[in-house]
Amino acid sequence: AYLAALDERIYAAAPEAYITSFERLLQTIGPQDAEQNLYHGLRNMIDHADFLTVRAPMPTLLITTSSDFFSIQGARETAAEVARIYEAYGKEDHFGMVEDFGKHESTQKNREAMYAFFQHHLQNPGNPEDEQVAIPDDDELRVTPTGQLATSFGGETVFHLNRKEAEQRMEALRLARRDPERHLPEVLKTARELSGYREPSGVQEPVYTGRIRRDGYVIEKYFVPGEGDYVIPYLLLIPDRPNGKALIYLHPSGKASEAEPGGELEGFVSRGFTVLAPDMVGTGELGGGEMANYTTRVREYEPVSFDVWTLGVLTGRSITAVRASDVARLVLLLKSTYEPVEIYGVARQRMAPVLLHAAAFEPLIDAVALLEPYASYRAVVTERFYDPGFHIGTVAGSIGVYDLPDLAASLAPKKLLMAGVTDGAGNAADSDEIQDDLSVIRKAYKRVGAADALKITNRNYMDHIFVVPGRQRVQ
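Let us look at the structure shown here. Everything quoted here is computed from the prediction, not taken from an experiment.

Take the packing of helix 9 (residues 180–195) against helix 13 (residues 352–361) next. The description of two packed helices rests on the angle between their axes and on the distance between the axes. Put simply, helix 9 and helix 13 touch, their axes get as near as 11 Å, and they point 125° apart. By the angle class used here, helix 9 and helix 13 are oblique. Between helix 9 and helix 13 the crossing geometry is left-handed. Residues Leu 188, Ala 191, Arg 192 and Ser 195 of helix 9 form the contact with helix 13, whose participating residues are His 357, Ala 360 and Phe 361. Classifying every residue of the contact of helix 9 with helix 13 gives 4 nonpolar, 2 polar and 1 charged.

Here we take up a negative patch on the surface. On the surface, a cluster of negative charge is contributed by Glu 167, Asp 430, Asp 432 and Glu 433. Structurally, Asp 432 is set in helix 16 (residues 432–447).

Take the pattern of salt bridges next. Taken as a whole, this structure holds 26 salt bridges when the rule is applied. A salt bridge links Arg 169 to Glu 165; the shortest N-O distance between them is 2.9 Å. Remark: Glu 165 and Arg 169 occur in helix 8 (residues 158–176); sequence separation between them is 4 residues, near one turn of the helix. A residue is classified by how much of its surface remains accessible, and Arg 169, at 41% relative accessible area, is partly exposed. Salt bridges sharing partners connect three or more residues here, namely Glu 23, Arg 24 and Glu 77.

Below, the discussion takes up the sheet that holds strand 11 (residues 367–371). Pairing is mixed in the open sheet, where 9 strands are placed in the order 3-4-5-7-6-10-11-12-13. Edge strands, defined here as strands with exactly one partner in the open sheet, are strand 3 (207–214) and strand 13 (454–457). Sheet twist, expressed as the average angle between the axes of neighbouring strands with direction ignored, equals 15°. By the bridge criterion, 5 bridges tie strand 10 (residues 342–348) to strand 11 in an arrangement that is parallel. Note that in strand 11 the partner of Gly 345 across the bridge is Val 368. Running over the sheet, helix 12 (residues 319–338) touches strand 4 (217–225), strand 5 (231–239), strand 6 (245–250), strand 7 (274–278) and strand 10 and is turned about 40° from strand 5.

Here we come to the pairing of strand 5. Here strand 5 lies mainly inside the structure; 7 of its 9 residues are buried. Following strand 4, the chain reverses through 5 residues before pairing antiparallel with strand 5. Both strand 5 and strand 7 contribute to a ladder of 4 bridges, which runs antiparallel. When the sheet's bridge partners are listed, Leu 237 is paired in strand 7 with Val 275.

A few words now on the pairing of strand 1 (residues 60–65). Summarising burial for strand 1: 6 of the 6 residues are buried, a large majority. Side-chain alternation along strand 1 places Thr 60, Leu 62 and Thr 64 on one buried face and Leu 61, Ile 63 and Thr 65 on a second face that is also buried. Alignment of strand 1 against strand 2 (residues 95–100), held across 6 bridges, turns out to be parallel. When the bridges of strand 2 are listed, Thr 64 appears paired with Glu 99. Of the crossover connections in this fold, the one passing from strand 1 over helix 4 (residues 72–88) to the parallel strand 2 is right-handed.

To continue, consider helix 9. Helix length check: helix 9 (16 residues) gives 21 Å between terminal C-alpha atoms against 22 Å at 1.5 Å per residue, within 8%. Along helix 9, the positions that sit buried rather than exposed are His 183, Leu 184, Val 187, Thr 190, Ala 191, Leu 194 and Ser 195. Elements that come into contact with the buried residues of helix 9 comprise helix 8, helix 12, helix 13, helix 15 (404–410) and helix 16. A positive backbone phi angle near 85° is found at Gly 196, which sits one or two residues after helix 9.

Quick look at unusual backbone geometry now. In this model, Ala 56 is joined to Pro 57 through a cis peptide bond whose omega is 5°. Secondary-structure assignment places Pro 57 in the loop between helix 3 (48–53) and strand 1. Geometrically, the link from Ala 412 to Pro 413 is a cis peptide bond, its omega value of 10° lying close to zero. Structurally, the position occupied by Pro 413 is in the loop between helix 15 and strand 12 (415–419). Phi angles above zero are rare outside glycine, and Ala 17 is one such case at about 60°. Residue position: Ala 17 is located in the loop between helix 1 (2–6) and helix 2 (22–27).

On to helix 4. Note that an α-helix has 3.6 residues per turn; residues three or four places apart therefore point the same way. With 17 residues, helix 4 ought to run about 24 Å at 1.5 Å a step, and its terminal C-alpha atoms sit 25 Å apart, in line with that. Of all the positions in helix 4, only Ile 72, Gly 74, Ala 75, Thr 78, Ala 79, Val 82 and Tyr 86 are classed as buried. Angular distribution of buried residues about the axis of helix 4 spans 135°; they occupy a single face of the element. Residues of helix 4 that are exposed and point over 90 degrees away from its buried face: Arg 84 and Ala 88.

Further remarks concern the packing of aromatic side chains. Remark: the centre distance and the inter-plane angle together describe each pair of aromatic rings, the angle taken between the planes. Tallying each qualifying case throughout the model produces 11 aromatic pairs. Note on Phe 117 and Phe 118: the rings are 5.1 Å apart at their centroids and 65° apart in plane angle, and the pair reads as edge-to-face. Phe 117 gets classed as buried once you look at its relative accessible area, which sits at 9%. Residue Phe 118 is classed as partly exposed on the basis of its relative accessible area of 23%. Residues Tyr 222 and Tyr 234 carry aromatic rings whose centres are separated by 5.4 Å and whose planes lie at 15° to one another, so their mutual orientation is stacked. In this pair, Tyr 222 sits in strand 4 while Tyr 234 sits in strand 5, placing the two residues 12 residues apart along the sequence. Side by side, Tyr 222 and Tyr 234 carry an identical accessibility label, which is buried.

Before going further, it helps to spend a moment on the nonpolar core. Soluble, globular proteins show a tendency: their nonpolar side chains are buried together. Of all hydrophobic cores here, the largest spans 63 residues; its most connected members are Leu 250, Val 327, Leu 330, Leu 370, Leu 416 and Tyr 445. Grouped together as the second largest cluster of nonpolar side chains are 20 residues, Leu 265, Ala 367, Leu 371 and Ala 419 included.

Quick notes on the rules
- Residues numbered from 1 in each chain as written.
- Predicted model: local features only at pLDDT ≥ 70, side-chain atom pairs only at ≥ 80, totals over all residues.
- Heavy atoms only, no water.
- Axes fitted to C-alpha atoms, helices over the stretch in contact; angles between N-to-C directions.
- Helix = DSSP H or I, 4+ residues; strand = E, 2+ residues; numbered from the N terminus.
- Parallel < 35°, antiparallel > 145°, perpendicular 65-115°, else oblique.
- Left-handed = near helix turned anticlockwise from the far one by under 90°.
- Contact = heavy atoms within 4.5 Å.
- Nonpolar A, V, L, I, M, F, W, Y, C, P; charged D, E, K, R; others polar.
- Patch = residues over 30% accessible without salt bridge, like charges linked within 9 Å, V, L, I, M, F, W, Y side chains within 5 Å.
- Areas by Shrake-Rupley, 256 points an atom, 1.4 Å probe, with all protein chains shown as cover.
- Salt bridge = Lys/Arg side-chain N within 4 Å of Asp/Glu carboxyl O.
- Lys, Arg positive; Asp, Glu negative; His and termini not counted.
- Charge placed at Lys NZ, Arg CZ, Asp CG, Glu CD.
- Buried < 20%, exposed > 50% of the residue type's maximum accessible area, 1.4 Å probe, protein only.
- Pairing = 2+ DSSP bridges.
- Right-handed = clockwise from strand over helix to strand, strands pointing away.
- Expected span 1.5 Å × (residues − 1).
- Arc of directions from axis to C-beta.
- Phe/Tyr/Trp six-rings, centres within 6.5 Å; stacked < 30°, edge-to-face > 60°.
- Core = buried A, V, L, I, M, F, W, Y, C linked by side-chain atoms within 4.5 Å.

Structure, rendered in structure tokens:
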């Protein structure tokens with residue numbers, strides 16, 4: 001479909017078992033393999049019909065099956081749209097659609113229609129009926145020992161090519177970091193645009209749903225409307241003896257993960273913090289809505305879906321930005337309802353990028369603690385077997401433009417704790433690359449005279465999270 005749309009040398013084309021429409025695709029099974037989803041494709045209003053309309057009036061045959069997971073309704077609607085273009089050219093006979101009953105497969109009816117299509121438009125003689133032929137076995141087909149050039153003779157893979165591209169782009173980012181006074185304000189502007197962040201216009205009245213009493217504190221349950229057509233469920237832990245500070249806690253598994261007696265949330269509230277623990281979109285009570293057509297299991301990692309992240313690539317609205325906007329919304333709620341002196345943010349692992357974006361864009365967040373965060377987007381891209389769960393926190397197109405260390409650097413002189421920084425595979429590491437990432441943050445804090453407000457440690461974060469020195473005033 002892509003080649004036929006872009007290469008004028010292709011006179012006749014017959015894409016099969018693919019063309020539908022994004023409207024019907026998203027209403028049914030969701031976005032498919034990565035190569036089928038153009039960067040910001042939907043944002044730039046590119047749909048499946050466009051791959052065919054740009055070919056007019058060259059011969060094109062749309063081949064479909066009625067039970068394919070690529071919606072047949074979308075294919076029919078797309079065919080009707082494309083047919084009008086060919087009619088405008090007076091070449092109605094150059095476009096057609098053939099449909100047979102079947103799943104995601106090639107049927108005899110469709111194959112014979114394809115043969116006849118090419119024979120007619122390319123003026124090839126012959127019988128369009130299927131013929132019985134002897135299919136070569138695997139040994140006859142295999143030209144190299146493994147059947148793949150890359151593994152038999154070596155050479156570069158897609159991963160190697162992507163890593164080279166990332167390294168080249170990172171050079172431009174390293175140059176930009178040499179001028180922090182210019183670079184960091186530009187980072188905030190670019191990060192907003194690339195991630196698709198939207199400033200929350202306000203927060204609606206939350207809905208109260210229940211209360212639990214525990215020793216020294218109570219847990220209240222609420223939900224509040226989020227950015228889109230959904231609500232954000234959250235727990236509010238209120239200490240009997242508040243210290244005047246509030247804390248928003250983000251966990252990749254949702255609000256209930258550390259809410260049991262003796263959990264991390266109790267550790268915070270026992271120190272006087274009013275704690276708000278939400279379910280971000282795709283986690284906890286909101287987790288069931290994630291499309292899971294394509295999942296992956298790499299090494300010991302849990303299977304994860306790539307579909308939701310892919311939608312962000314298509315639309316230019318990353319999941320990280322949607323979640324960050326909701327975090328900012330909850331921060332506004334905390335500030336307006338409880339009027340705390342300070343608001344802290346704590347995020348674990350995959351939620352660290354969300355909190356970094358929110359804290360960079362929302363000045364009401366006074367301090368940030370990142371627990372076992374991955375060091376950077378660069379660390380994910382350059383790690384062949386990265387933790388696939390990390391992908392959802394990444395922002396497409398950010399490599400070489402801005403990275404997580406740049407957002408962390410922009411927080412200076414706010415208090416910042418990073419405990420147990422990992423590489424792109426989620427392993428605790430002290431590599432030169434990670435130290436290079438962390439040096440961006442250290443230099444930024446040192447530049448504004450706030451080195452004491454930054455703490456990077458591999459030790460138990462509870463030893464540090466409540467004793468990070470206060471921010472220093474910079475004249």
